[in-house]
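# A structural walkthrough
Read off the chains here:
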Amino acid sequence: MIAAQFTSVQKQYGMVEALKGLDLTIRQGELLALLGANGAGKTTAVRLLLGLAKPTSGEVRVFGGDPRDARTRTRIGAVLQSARVPETLRVREHIHLFSSYYPNPMPMDEVIAAAGLQGLERRKFGELSGGQQKRVLFALAICGNPDLLILDEPTVGLDVEARRALWKQIRAFIAGGKSVLLTTHYLAEAEALADRVVVLHHGNVVAEGTPQEIKGDSATLEDAFVEMIA
Amino acid sequence: MRTYLLEIKYEFLKALRLPAYSLPTLLFPVLFYLFFGVMFGAKQTGSVNMATYLVATYGTFGVIGAALFGFGVSVAVERGQGWLEQKRTTPMPIAAYFVSKLAMAMIFSAIIVTMLFIVGTTVGDVVMPLTTMAKLFGVLVLGSITFCAFGLALGFLAGPNSAAPIVNLIYLPMAFLSGLWLPIAFLPKPIQEIALWLPPYHFSQLALRTIGASRGEPIALNVGAMIVATLLFGAIAYLGYRRDEGKLYG
């Protein structure tokens with residue numbers, strides 16, 4: 001089963017060609033890590049997947065539908081890079097509002113538990129620590145009970161403990177048979193979480209496989225990655 | 001429908017919890033009115049006294065402020081935070097975002113105009129039949145739409161930090177030149193000529209018409225100017241929205 005698919009997707013921003021005919025499949029039940037240096041096209045791929053932008057040519061499909069169609073997005077949840085939410089609303093209020101956008105939202109208590117926000121329900125977003133704020137964004141991403149979760153560098157700026165806690169929550173989400181697309185700069189994160197890794201370089205796929213396959217003879221995924229894009 | 005109502009509810013809560021933003025928007029028109037309207041209130045200007053005249057123009061002033069700050073600045077800030085984009089990844093109808101902000105601007109407008117009526121009739125010398133009040137109230141709250149479009153255009157063009165100063169730079173001089181602080185007839189002739197090109201002037205004339213104190217231009221001119229301004233600002237806002245869609249983020 002396929003959760004999402006890019007078919008020869010090209011995306012042009014003015015003179016810049018961010019994606020050059022990308023073919024990519026996210027299978028149901030897997031966590032796919034999308035790696036690449038800054039400017040490799042990761043964020044562009046994420047934006048296309050979320051319907052925030054339109055491909056210049058080619059096709060993006062999520063569960064067979066166009067992500068620019070709101071009905072398709074009922075099955076997607078996302079944590080965007082560096083997103084902030086209004087600081088004066090409480091955790092519970094944010095989740096309440098976002099849940100109302102989806103036809104079959106998760107019960108509030110389950111969302112709170114899955115994101116590890118117990119005891120923080122009544123706190124305002126602006127009063128939370130960086131790690132807690134990320135967990136709220138994670139809660140907003142999963143509250144609609146999505147089948148595909150898109151995480152664009154979700155652990156940037158988190159300390160080790162907070163990062164590990166989020167990993168646990170991501171694993172629990174996958175265990176329910178759902179799919180995740182993760183972009184990250186922390187290759188150890190990809191190694192710890194991913195079923196499959198795709199490496200983007202200048203808008204093209206340069207490697208694809210399990211973390212083991214990508215690693216090959218190198219000591220770490222990071223070594224292999226650096227060699228690959230050198 | 002539920003989404004729209006919730007969106008309005010939380011928009012309102014956000015505003016209430018940020019008194020540093022909402023209080024000036026609500027109170028400045030009344031404070032200004034207290035100063036000018038009540039002090040010179042008994043003086044006659046044309047067919048009405050100053051207290052009555054200035055309820056209409058400070059009402060106009062307040063409604064425009066609520067639209068530009070509540071709509072314009074908040075869109076610019078939330079765009080900058082990535083909040084608007086976060087919402088666009090959900091199946092939420094994007095209209096709900098804008099409708100809730102329009103509703104908020106109208107609620108703020110209604111509060112401002114009501115406060116002006118209360119202050120004007122208790123402390124000032126305002127004499128206005130209830131039906132006239134209702135008409136003036138209706139014109140002022142409806143006119144908010146034009147300036148929400150203006151605010152939206154600014155919200156999409158201005159950066160998150162520059163939006164508030166830009167709004168102030170436009171709002172305050174424009175209000176003065178349009179005769180919202182002092183009656184337009186008190187201003188020098190060249191300024192009166194400029195005012196004809198400013199949307200707040202036409203808005204104030206529509207408000208003044210309800211109390212019989214407009215300058216007697218054809219109503220079609222005032223209404224037409226408001227409609228043209230709404231369409232123009234709406235088009236600019238739409239272009240800004242599309243520009244955001246095509247933007248490259250790393």
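Details of the structure are given in the entry above.
Below: a short report on this structure. Quantities reported herein were computed from a predicted structural model and do not represent experimental measurements.

Residue and element names in this part refer to chain A. Spatially, the three strands line up as an open sheet ordered 2-1-4, and their pairing is antiparallel. Where the open sheet ends on each side, the last strands, each with one partner, are strand 2 (16-27) and strand 4 (57-62). Each strand of the sheet is rotated relative to its neighbour by a mean of 15°, with strand direction disregarded.

Turning to helix 7 (residues 163-177) of chain B, a few remarks are in order. Residue and element names in this part refer to chain B. Taking 1.5 Å of rise per residue, the 15 residues of helix 7 would be expected to cover 21 Å, and the 21 Å separating its terminal C-alpha atoms lies within 8% of that figure. Looking at the buried positions of helix 7, the neighbouring elements they touch are helix 3 (50-81), helix 6 (130-157) and helix 9 (199-210). Gly179 lies just past helix 7 and shows a positive phi near 80°.

Residues and elements named next belong to chain B. The terminal C-alpha atoms of helix 10 (residues 219-245) lie 39 Å apart, and with 27 residues this matches the ideal 39 Å at 1.5 Å per residue to within 8%. Taken as a whole, helix 10 has its buried residues at Asn222, Ala225, Met226, Phe233 and Ala237. Considering only its buried residues, helix 10 is in contact with helix 6 and helix 9.

Now for the pairing of strand 7 (residues 179-183) of chain A. All names here are of chain A. Of all the five residues making up strand 7, five are buried; the element is thus mostly covered by neighbouring parts of the structure. A two-sided burial pattern is seen for strand 7, the buried positions comprising Ser179, Leu181 and Thr183 on one face and Val180 and Leu182 on the other. Pairing between strand 3 (residues 31-35) and strand 7: four bridges, direction parallel. Its bridge partner lying in strand 7, Leu34 is registered against Thr183. In terms of strand pairing, strand 6 (residues 148-152) meets strand 7 through five bridges, oriented parallel. The residue of strand 7 that forms the bridge with Ile150 is Leu181. Chirality of the crossover, the property in question, places the unit of strand 6, helix 6 (residues 160-175) and strand 7 among those that are right-handed.

All names here are of chain A. Summarising the sheet, strand 1 (residues 2-13) and strand 2 pair through nine bridges and their orientation is antiparallel. Among the inter-strand pairings, Lys11 is bridged to a residue of strand 2, identified as Leu19. Taking the residues that link successive antiparallel strands as the turn, the strand 1-strand 2 hairpin has two residues, and the phi of Gly14 there is positive, at about 60°. Pairing between strand 1 and strand 4: five bridges, direction antiparallel. When the bridges of strand 4 are listed, Phe6 appears paired with Val60.

Let us look at the packing of helix 5 (residues 94-122) of chain B against helix 6 of chain B. Residues and elements named next belong to chain B. Here helix 5 crosses helix 6 at 145°, and the two axes come no closer than 9 Å. Along this stretch, helix 5 crosses helix 6, giving a crossing that reads as right-handed. Between helix 5 and helix 6, the contacting residues are Leu102, Ala105, Met106, Ser109, Ala110, Val113 and Phe117 on the first element and Met133, Phe137, Leu140, Val141, Ser144 and Cys148 on the second. For the contact of helix 5 with helix 6, the residue count by class is eleven nonpolar, two polar and no charged.

Residue and element names in this part refer to chain A. Judged by pairing direction, the sheet is mixed, and its six strands sit side by side in the order 5-6-7-3-8-9 without closing on themselves. Edge positions in the open sheet fall to strand 5 (76-79) and strand 9 (204-209), since each of these has one partner strand only. With direction set aside, neighbouring strand axes in the sheet form an average angle of 15°. Summarising the sheet, strand 5 and strand 6 pair through four bridges and their orientation is parallel. When the sheet's bridge partners are listed, Val79 is paired in strand 6 with Leu151. Sheet contacts for helix 1 (residues 42-49): strand 3, strand 6, strand 7 and strand 8 (196-201); angle to strand 6, the most-contacted strand, approximately 145°.

Moving on: the nonpolar core. Nonpolar side chains tend to gather and get buried jointly when the protein is soluble and globular. By size, the foremost hydrophobic cluster in this structure holds 75 residues, and its most contacted members are Ala33(A), Leu49(A), Ala139(A) and Ile150(A). If you look at the next biggest cluster of nonpolar residues, it comprises 59 residues, including Tyr53(B), Leu54(B), Cys148(B) and Ala158(B).

Residues and elements named next belong to chain A. Even without a glycine there, the phi angle at Asn145 is positive, about 60°. Note that Asn145 resides in the loop between helix 5 (130-142) and strand 6. Of note, Glu153 is a non-glycine position whose phi angle comes to about 45°, a positive value. Of note, Glu153 is situated in the loop between strand 6 and helix 6. C-beta crowding within 10 Å serves as the criterion here: with 20 such atoms nearby, Glu153 is assigned to the buried category.

Residue and element names in this part refer to chain A. Within the secondary structure, Ile142 is located in helix 5. C-beta crowding within 10 Å serves as the criterion here: with 24 such atoms nearby, Ile142 is assigned to the buried category. Taking the C-alpha atoms as reference, Ile142 lies 12 Å from Ile174; in sequence the two are 32 residues apart. Setting aside chain neighbours within four positions, we find Ile142 in contact with Gly77, Met106, Val111, Ala114, Ala115, Leu149 and Phe173.

Calculation rules
In this numbering scheme, every chain counts its residues from 1 along its sequence in written order. Each chain is given a letter, starting from A, and each ligand a number, starting from 1, according to the order in which they appear as written. Under the rules for a predicted model, residues below a pLDDT of 70 receive no local features and side-chain atom pairs below 80 are neither given nor counted, while totals for whole chains, interfaces and linings still include all residues. Pairing between two strands is assigned when DSSP locates at least 2 bridges connecting them. Helix and strand labels come from DSSP, where a helix needs a run of H or I of at least four residues and a strand needs a run of E of at least two; each type is numbered from the N terminus. In this analysis an axis means a line fitted to C-alpha atoms, helices contributing only their contacting stretch, and an angle means the value between N-to-C directions, from 0 to 180 degrees. The span one expects for a helix is its residue count, reduced by one, times 1.5 Å. C-beta atoms are first placed from the backbone for all residues, and any pair lying within 7 Å is then listed as a contact. Put plainly, a residue is buried at 20 or more neighbouring C-beta atoms within 10 Å of its own, exposed at 12 or fewer, and partly exposed in between, counting only other residues' C-beta atoms, which are placed from the backbone. With its strands directed away from the observer, a crossover is right-handed exactly when the path from the first strand over the helix to the second travels clockwise. The hand of a helix crossing depends on one turn: near helix anticlockwise from the far one by less than a right angle means left-handed, and clockwise means right-handed. Residues are grouped as follows: nonpolar covers Ala, Val, Leu, Ile, Met, Phe, Trp, Tyr, Cys and Pro; charged covers Asp, Glu, Lys and Arg; every other residue, Gly included, is treated as polar. For this analysis, nonpolar core means a set of buried Ala, Val, Leu, Ile, Met, Phe, Trp, Tyr and Cys residues linked through C-beta atoms within 7 Å.

Function-wise, these values are silent; they only describe arrangement.
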